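Examination of the molecular architecture
This is what each chain is made of:
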2 protein chains.
Amino acid sequence: MERDKVSIYRIAEEAGVSPATVSRVLTQKANVSDEKKKKVEKLISKYHFSPNAMARGLTSSRSGIIGVLIPDIRNPFYAGLAVECEQAAHDRDYSLMLSNYMNDMELEEQRLYKMISQQIDALIIMGGRVDELITDEVYAERINHISKLMPVVITGKLDGSDCYQVNLDNSEAIDRIMEYLISNGHHDICMIGGRKEVDSTYTKRTRYRSMLHRHGIEFCPDYLVETGDYSMESGYRGMNSLIESTRKLPSAVIAINDLTALGIIQSLREHSIGIPEDISLVSFDNTILAETSVPRLTSMDYNYDQYGKTLIDTALAVLEGGKPQKIQIIPTELIIRDSCRSLNKGI
Amino acid sequence: MERDKVSIYRIAEEAGVSPATVSRVLTQKANVSDEKKKKVEKLISKYHFSPNAMARGLTSSRSGIIGVLIPDIRNPFYAGLAVECEQAAHDRDYSLMLSNYMNDMELEEQRLYKMISQQIDALIIMGGRVDELITDEVYAERINHISKLMPVVITGKLDGSDCYQVNLDNSEAIDRIMEYLISNGHHDICMIGGRKEVDSTYTKRTRYRSMLHRHGIEFCPDYLVETGDYSMESGYRGMNSLIESTRKLPSAVIAINDLTALGIIQSLREHSIGIPEDISLVSFDNTILAETSVPRLTSMDYNYDQYGKTLIDTALAVLEGGKPQKIQIIPTELIIRDSCRSLNKGI
DNA sequence: GTGAAAGCGCTAACAG
DNA sequence: CTGTTAGCGCTTTCAC
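Numbers given for residues are sequential positions, taken from 1 along each chain in its written order. As a convention, the first chain written is A and the first ligand written is 1, with the rest following in written order. Confidence filtering applies because this is a predicted model: local features only for residues at pLDDT of at least 70, side-chain atom pairs given and counted only at 80 or more, and all residues used for totals across whole chains, interfaces and linings. Hydrogens are left out, water is left out, and the side-chain values use all remaining heavy atoms of the structure.

With an unreviewed UniProt entry as reference, chain A is termed LacI family transcriptional regulator, source organism Lacrimispora xylanisolvens.

Side note on the environment of Leu96 of chain A
Cut-off, in case you're wondering: Helix and strand labels come from DSSP, where a helix needs a run of H or I of at least four residues and a strand needs a run of E of at least two; each type is numbered from the N terminus. Only heavy atoms enter the contact rule, under which two residues are in contact if any of them lie within 4.5 Å.
With respect to the helices and strands, the residue Leu96 of chain A is situated in strand β2 (residues 95-100). Counting along the chain gives 29 residues from Leu96 of chain A to Gly67 of chain A, while the straight-line C-alpha distance between them is 6.0 Å. For Leu96 of chain A, the residues in contact, after removing those within four places along its chain, are Ile65, Ile66, Val68, Ala82, Cys85, Glu86, Ala89 and Ile312 of chain A together with Met97 and Leu98 of chain B.

Regarding the protein's contact with DNA strand D
Here is the rule we go by: Nearness is judged by heavy atoms alone; a residue qualifies as near a molecule or strand once a single heavy atom is within 4 Å of it. Identification of polar contacts relies on pairs of N or O atoms within 3.5 Å, with a donor-acceptor requirement for protein atoms, meaning one able to donate a hydrogen and the other able to accept it, and with residues adjacent in sequence counted only if both atoms are side-chain atoms. Under the scheme applied here, ten amino acids are nonpolar (Ala, Val, Leu, Ile, Met, Phe, Trp, Tyr, Cys and Pro), four are charged (Asp, Glu, Lys and Arg), and all others, including Gly, are polar.
Every one of the 25 residues lining DNA strand D counts as a neighbour, but Arg24, Ser33 and Thr59 of chain A together with Ile8 and Arg56 of chain B are closest to it. Between DNA strand D and Ser18 of chain A, the relevant distance is 3.0 Å, taken from a phosphate oxygen to a main-chain nitrogen or oxygen of the residue. Asn31 of chain A is positioned with one of its side-chain polar atoms (N or O) 3.0 Å from a phosphate oxygen of DNA strand D. Of all elements in the fold, only α2 (19-27) and α4 (53-60) of chain A together with α1 (8-15), α2 (19-27) and α4 (53-60) of chain B reach the threshold of two or more residues within the surface near DNA strand D. Partitioned by chemical class, the residues of the surface near DNA strand D number eleven nonpolar, ten polar and four charged.

Thoughts on the pairing of strand β1 (residues 65-70) of chain B
Residues and elements named next belong to chain B. Heads up, the condition is: Relative accessibility under 20% of the residue-type maximum defines a buried residue, over 50% an exposed one, and the middle range a partly exposed one, all with a 1.4 Å probe and only protein chains included. Two strands are counted as paired when DSSP detects at least two bridges linking them.
Judged by how many residues are buried, β1 sits mostly within the fold: six of six residues are covered. Side-chain alternation along β1 places Ile65, Gly67 and Leu69 on one buried face and Ile66, Val68 and Ile70 on a second face that is also buried. Summarising the sheet, β1 and strand β2 (residues 95-100) pair through six bridges and their orientation is parallel. Each bridged residue has a counterpart across the sheet, and for Ile65 the counterpart in β2 is Ser95. Pairing analysis gives four bridges linking β1 to strand β3 (residues 122-125), with the strands arranged parallel. Paired with Gly67 across the strands is Leu123, a residue of β3.

Concerning the pattern of salt bridges
A pair can form between side chains of opposite charge whenever their charged atoms are brought close. Formally: Criterion for a salt bridge: a side-chain nitrogen of Lys or Arg within 4 Å of a carboxyl oxygen of Asp or Glu.
This model, assessed by the stated rule, comprises 42 salt bridges over all chains. Across the pair Glu197 of chain A and Arg195 of chain A runs a salt bridge whose closest N-O atoms are separated by 3.8 Å. Residue Glu197 of chain A is classed as partly exposed on the basis of its relative accessible area, which comes to 33%. Overall, Arg195 of chain A belongs to the partly exposed group, its relative accessible area being 26%. Close ionic contact of Glu291 of chain B with Arg337 of chain B constitutes a salt bridge, the shortest N to O distance being 3.1 Å. Residue Glu291 of chain B is found in helix α12 (residues 288-292), and its partner Arg337 of chain B is found in the segment after β12 (332-335); the two are separated by 46 residues along the sequence. The network of salt bridges with common partners includes Glu132, Arg195, Lys196 and Glu197 of chain A.

What about unusual backbone geometry?
Residue and element names in this part refer to chain A. Residue Pro276 follows Ile275 across a cis peptide bond; omega there is 5°. The phi torsion at Gln28 lies on the positive side, around 60°, for a residue other than glycine. Within the secondary structure, Gln28 is located in the loop between α2 and α3 (34-46). Here Asn103, not a glycine, exhibits a phi torsion of approximately 55°, which is positive.

Observations regarding the relation of the copies chain A and chain B
Put simply, the rule is: In superposing the copies, a least-squares fit is computed on C-alpha atoms, taking residues whose pLDDT is at least 70 in both.
In the superposition of chain A on chain B (RMSD 0.1 Å, axial shift 0.1 Å), the rotation amounts to 180°. What we have between these two chains is a two-fold relation. Comparing interface residues between copies, 100% of those in chain A also lie at the interface in chain B; the contact surface is shared.

Overview of the packing of aromatic side chains
For clarity, the cut-off: Centres within 6.5 Å are what make two rings of Phe, Tyr or Trp a pair, Trp counting through its six-membered ring; a difference in plane orientation under 30 degrees is then read as stacked, over 60 as edge-to-face, and the rest as tilted.
Scanning all chains against the criterion turns up ten aromatic pairs over all chains. Judged by centre distance (5.8 Å) and plane angle (70°), the rings of Phe77 of chain A and Tyr304 of chain A are edge-to-face. With Phe77 of chain A in helix α5 (residues 76-91) and Tyr304 of chain A in helix α13 (residues 304-319), this pair connects stretches of sequence that are 227 residues apart. Here Tyr304 of chain A falls in the buried class, since its relative accessible area comes to 12%. Residues Phe77 of chain B and Tyr78 of chain B carry aromatic rings whose centres are separated by 5.0 Å and whose planes lie at 80° to one another, so their mutual orientation is edge-to-face. By relative accessible area, Phe77 of chain B is classed as buried at 11%. Counting every residue linked through ring pairs, the aromatic cluster contains Phe77, Tyr78, Tyr302 and Tyr304 of chain A.

Brief notes about the interface of chain A and chain B
Between chain A and chain B, the contact holds 63 residues from the first and 63 residues from the second. Taken together, the links from chain A to chain B amount to four salt bridges. Here Asp93 of chain A ties to Lys114 of chain B by a salt bridge, and the two come within 3.4 Å at their closest N and O atoms. On the surface where chain A and chain B come into contact, there are twelve residue pairs in polar contact (both at pLDDT 80 or more).

See the structure below:
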């Protein structure tokens, strides 16, 4: 397969100028006479020429590519975020290189080093080990090493590392959900799903308890259902076990995310428990699943647009020598749909 | 931000050999004495060194990146396919560069040329204009031009172009669904969703009619509901209009994809029509939505693994000078879940 | 088996 | 304002 042999030399020759001049009109960094500029631009558009990014990168030691390490793009949460990142990157004339690591540590490492050898200019790490409550020290050290080579921005936390963090406001998220439920007359509130070693889940559970306390509601251990993960199946399992084990069903259930909520819906349906007539359901992430489920889910939305943009902008700011804030927080907003009802005044 | 300055020169110096020798152990293409080889390998792993892909690419005119133009990664169908492609690419030691074009022609062009300037080695185009029944000639010409520079593999068709095609077996897919429904006693079968100018939809509709004919079932125009797109909302709209306009409801509905099926479910629910008690529902694509919906959808699955692998392998085969088949077909399999019932023997 | 040297396409001094 | 020149880091002849 023959590559196109158009280069600045070819353009230069046909335009009767030097390669440097062509480069100058390409980079727009130096002045070129109108006459030559026009000639060159004509050739450029004639050949649909765009400079070889590898050659360019060799001199500038910039590839124009931002690497993104992502758990699984099939998860609607990450898919949405990835799209926003791509948008933000392209706005700044950068390309994105996505790598799914499928929660496989070995795969993560492989893909990471592959991206580094592709000379990515910056790295964004989502989920996985940067979400753990207790940082893996070996991992932190490795990431630290990388963050000496390029900007590293993560969506979670990594103790003792130099990474920049952009985090969802998990505290605000759970507080708002609790306030919403309580103000609608719910007292028996249950929380299903997740793994306690995950930072965001830990935060949610802690605030859940303190919100109960603040409103004078006694904490019931049965109502905090650990399932170990974030899948639909885990929601199904968690809800089933709650129904079987408890004497008194809660009036409201908080699912750790939309996928888990779908499993909860399935369990409730099989037990002929109506949503929201018998039990109200809220969840986190406001993915497409919240919109497509029956009933449509009331779910905690984040400003995904801002999230993606902040991730990219932070990486590029560091790349350009800036000093953005080490931790930035993305705001939340509860999207109210059809899965919750009010217990007040018999509505 | 300082890049790591480790290069083959540094390795060479420390190992007391020439840069060429380091290159030789890196590429494994020439013989190097065991002694020197070991020395070099030690340094390589000491520094976690991996050669600069841009420099390498400059000489080999290969970037090791395959570009993928995709409509929207948030669509579970494309997300699943992208994951398979990534897997297949990494197995061959290639990276993937994904670009979402959001069904925006202008964006598609921008991202395409951006990827070309990033020196992608091959291009895979999914959906969008390569799915159109009637090829846009200007577009075909552009793609043709690109396919002179690099292998281009598409998931649809493009008349008069040199692209390689990897297609789902849409004929088999609709045939199997029709046979399944008819063998379960369904005669009044309706098909909802899509746009007739889309190649795969056109095929499905044509075969739908000929299957009816073959089984001596009269074609009812009301039962072919064009909605113009593939969204959930379109299914909702299509089903609503069918319910309002027809005297006799069908016993089975075929949705053009899972998303459309979800809209149909919502419409049926609002009309208190039970699935599958009153109406059976089948759809295409077998995405995660088929598994997470209530009831779980009977849906046409494709061998996504093979699909992704074939896409990548075809591109790389062409790149290496091979001559794969111009058109390759991916088989289908109906996954039976809870959304259809049999009308036979009063089951 | 191994080193020296040229060159991939581009940018960035450096002269003029 | 513009041409010449020297690399960027790697692979690949070509001698030895």
